[in-house]
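What follows is the residue order along each chain.
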Amino acid sequence: MDIELLQNFFMWGTILNFGVLSFGVTVYICCRNRFQRIHAKLYGLTPEQVAPIIYRAFAMYKSLITIFFLVPWIALLIIA
């Protein structure tokens with residue numbers, strides 16, 4: 001496996017994952033009340049309790065993308 005292949009893998013992984021994150025955040029912003037009601041009923045919470053949980057989930061996903069895709073891609077760009 002050569003470095004160029006790894007660079008492309010991590011580049012596309014970064015792009016696709018940030019695209020999925022952006023889509024999810026956009027959909028959530030557009031349909032916030034509906035999502036909060038649905039998840040509140042599913043998990044026995046109030047809609048006010050659901051909002052910070054979803055926000056933390058988006059933040060965790062962004063952190064994982066950064067750690068597992070963006071940082072390795074940048075590291076490969078530096079050493080190549």
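Heads up: these notes are all about the structure in this document. None of the values given here were measured: they were computed from a predicted structure.

Next up on the list: the overall build of the chain. When helices and strands are counted, the chain shows three helices and zero strands. Counted from the first residue to the last, the chain has its helices and strands arranged as α-α-α. The C-alpha extent of the chain, read off along each of the three principal axes, is 50 × 20 × 15 Å. Residues classed as buried in the chain amount to 18% of the 80 residues present.

The terminal C-alpha atoms of helix H1 (residues 3-30) lie 40 Å apart, and with 28 residues this matches the ideal 40 Å at 1.5 Å per residue to within 8%. Contact partners of the buried residues in H1: helix H2 (32-43) and helix H3 (47-79).

What follows concerns H3. If you check H3, its first and last C-alpha atoms are 48 Å apart, about what 33 residues at 1.5 Å a residue would give, namely 48 Å. Along H3, the helix axis deviates most sharply at Thr66, where the bend reaches about 35°. Along H3, the residues that are buried comprise Val50, Ile54, Ile65, Phe69 and Leu76. Each element contacted by the buried residues of H3 is listed here: H1 and H2.

With that settled, the discussion passes to the packing of H1 against H2. Between H1 and H2, the shortest axis-to-axis distance is 5 Å and the interhelical angle comes to 90°. Considered as vectors, H1 and H2 are oriented roughly perpendicular to each other. Touching Val27, Tyr28, Ile29 and Cys30 of H1 are Arg32, Phe35 and Gln36, all from H2. Grouping the constituent residues of the contact of H1 with H2 by class yields five nonpolar, one polar and one charged.

Within the secondary structure, Arg32 sits in helix H2. The exposure class of Arg32 is partly exposed, given its relative accessible area of 37%. Distance from Arg32 to Pro52, taken between C-alpha atoms, is 12 Å for residues 20 residues apart in sequence.

Criteria and cut-off values
Residues numbered from 1 in each chain as written. Predicted model: local features only at pLDDT ≥ 70, side-chain atom pairs only at ≥ 80, totals over all residues. Heavy atoms only, no water. Helix = DSSP H or I, 4+ residues; strand = E, 2+ residues; numbered from the N terminus. Buried < 20%, exposed > 50% of the residue type's maximum accessible area, 1.4 Å probe, protein only. Expected span 1.5 Å × (residues − 1). Contact = heavy atoms within 4.5 Å. Bend = angle between axes of the 7 residues up to and from the residue. Axes fitted to C-alpha atoms, helices over the stretch in contact; angles between N-to-C directions. Parallel < 35°, antiparallel > 145°, perpendicular 65-115°, else oblique. Nonpolar A, V, L, I, M, F, W, Y, C, P; charged D, E, K, R; others polar.

Take it as geometry only, folks, not as evidence of what the structure does.
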